[in-house]
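Examination of the molecular architecture
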Amino acid sequence: MNELIGRVFHFEKSIFPASSELFGKLATHGQSPKALMISCADSRIVPEQIMQAQPGDLFVCRNAGNIVPTYSTHNGGVTSTVEYAVVALGVSDIIVCGHSDCGAMKALADPTGLEAMPNVAGWLKNGAAAEHIVSTCHPELTGSERVRAITLENIIAQIAHLRTHPSVAAGIARGEITLHGWFVDIHAGQVLGLDGETGEFVALREDRELPVALRAKARIATELAEAAE
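Residues numbered from 1 in each chain as written. Predicted model: local features only at pLDDT ≥ 70, side-chain atom pairs only at ≥ 80, totals over all residues. Heavy atoms only, no water.

Structural notes on the overall build of the protein
From N to C terminus, the protein includes ten helices and six strands. Relative to the compact-globule value of 17 Å for 229 residues, the protein shows a C-alpha radius of gyration of 19 Å, a close match. Principal-axis analysis of the C-alpha atoms places the extent of the protein at approximately 60 × 55 × 45 Å. Counting across all 229 residues of the protein, residues that qualify as buried make up 37%. Carbon and sulfur atoms make up 55% of the accessible area of the protein, which amounts to about 13,300 Å² in all. Charge-centre separation for the protein: the mean point of 17 positive side chains lies 3 Å from the mean point of 26 negative side chains. (Helix = DSSP H or I, 4+ residues; strand = E, 2+ residues; numbered from the N terminus. Rg over C-alpha atoms; globule rule 2.2 N^0.38 Å. Buried < 20%, exposed > 50% of the residue type's maximum accessible area, 1.4 Å probe, protein only. Areas by Shrake-Rupley, 256 points an atom, 1.4 Å probe, with all protein chains shown as cover. Lys, Arg positive; Asp, Glu negative; His and termini not counted. Charge placed at Lys NZ, Arg CZ, Asp CG, Glu CD.)

Printed below as a string of structure tokens:
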């Protein structure tokens with residue numbers, strides 16, 4: 001802990017003075033983050049470091065398993081964060097980011113020991129679809145391969161949950177929101193992105209178009225229905 005406190009002093013003496021103009025603008029004009037990232041609380045995953053983001057660039061929500069519960073009027077931290085990011089801050093890109101060697105996904109794969117952590121067990125029910133998909137569609141997978149598959153399916157499942165939130169659903173219908181599903185491979189130092197058209201996770205590369213889970217595009221179903229009438 002003393003080492004961490006020492007870094008606070010370094011921030012005060014060196015980091016803040018070097019970026020005082022930026023912090024001054026943020027303090028005066030408020031924040032206008034470019035994206036909302038929903039990532040795991042794992043200490044090895046730092047969203048700002050992965051994206052090389054500056055203060056004010058990212059609005060971040062972290063929890064065990066990068067989970068987004070389906071929308072409910074029952075107040076919750078993730079639900080409130082998503083709603084505020086979209087409605088108040090006008091965020092147009094939302095990233096659900098999972099990672100390799102995730103403890104939450106290991107618990108989904110093998111819940112042994114969760115009886116001592118009832119709140120964690122209840123929380124992880126939000127990822128039950130991911131485990132069920134892998135168990136029924138890929139029963140041959142075991143060990144780390146099974147955990148990785150559950151992790152990838154969990155990203156897809158949480159994106160689906162995200163779309164049940166009214167603010168997100170409306171933004172998608174207006175063509176104002178793009179959804180992203182990312183997987184950070186800690187061992188390889190690589191980020192994979194979900195291509196919503198192919199259903200595959202592909203490596204993010206400078207010379208390639210960024211894969212997106214759901215591209216921003218205004219919905220025209222209502223207009224077609226009116227025309228049909």
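Focus: the sheet that holds strand 4 (residues 178-185)
Reading across the sheet, the six strands line up as 2-1-3-4-5-6 and stay open at both edges, with mixed pairing between neighbours. Pairing within the sheet leaves two strands with one partner each, and these edge strands are strand 2 (58-63) and strand 6 (200-203). In this sheet, adjacent strand axes meet at a mean angle of 25° when their direction is disregarded. Note that strand 3 (residues 93-99) and strand 4 share seven bridges and pair parallel. If you follow Val96 over to strand 4, its bridge partner there is Gly181. Sitting on the sheet, helix 8 (residues 143-162) is in contact with strand 1 (35-40), strand 3, strand 4, strand 5 (190-195) and strand 6, with an inclination near 160° to strand 4. (Pairing = 2+ DSSP bridges. Axes fitted to C-alpha atoms, helices over the stretch in contact; angles between N-to-C directions. Contact = heavy atoms within 4.5 Å.)

Topic: the packing of helix 7 (residues 128-137) against helix 8
As a packed pair, helix 7 and helix 8 sit with axes 8 Å apart at the nearest point and diverge in direction by 130°. When the axes of helix 7 and helix 8 are compared, the pair comes out oblique. As helix 7 runs across helix 8, the sense of the crossing is right-handed. Residue-level inspection shows Ala130, Glu131, Ile133, Val134 and Ser135 of helix 7 in contact with helix 8, the latter providing Arg146, Ala149, Ile150, Glu153 and Asn154. Considering only residue class, the contact of helix 7 with helix 8 consists of five nonpolar, two polar and three charged. (Parallel < 35°, antiparallel > 145°, perpendicular 65-115°, else oblique. Left-handed = near helix turned anticlockwise from the far one by under 90°. Nonpolar A, V, L, I, M, F, W, Y, C, P; charged D, E, K, R; others polar.)

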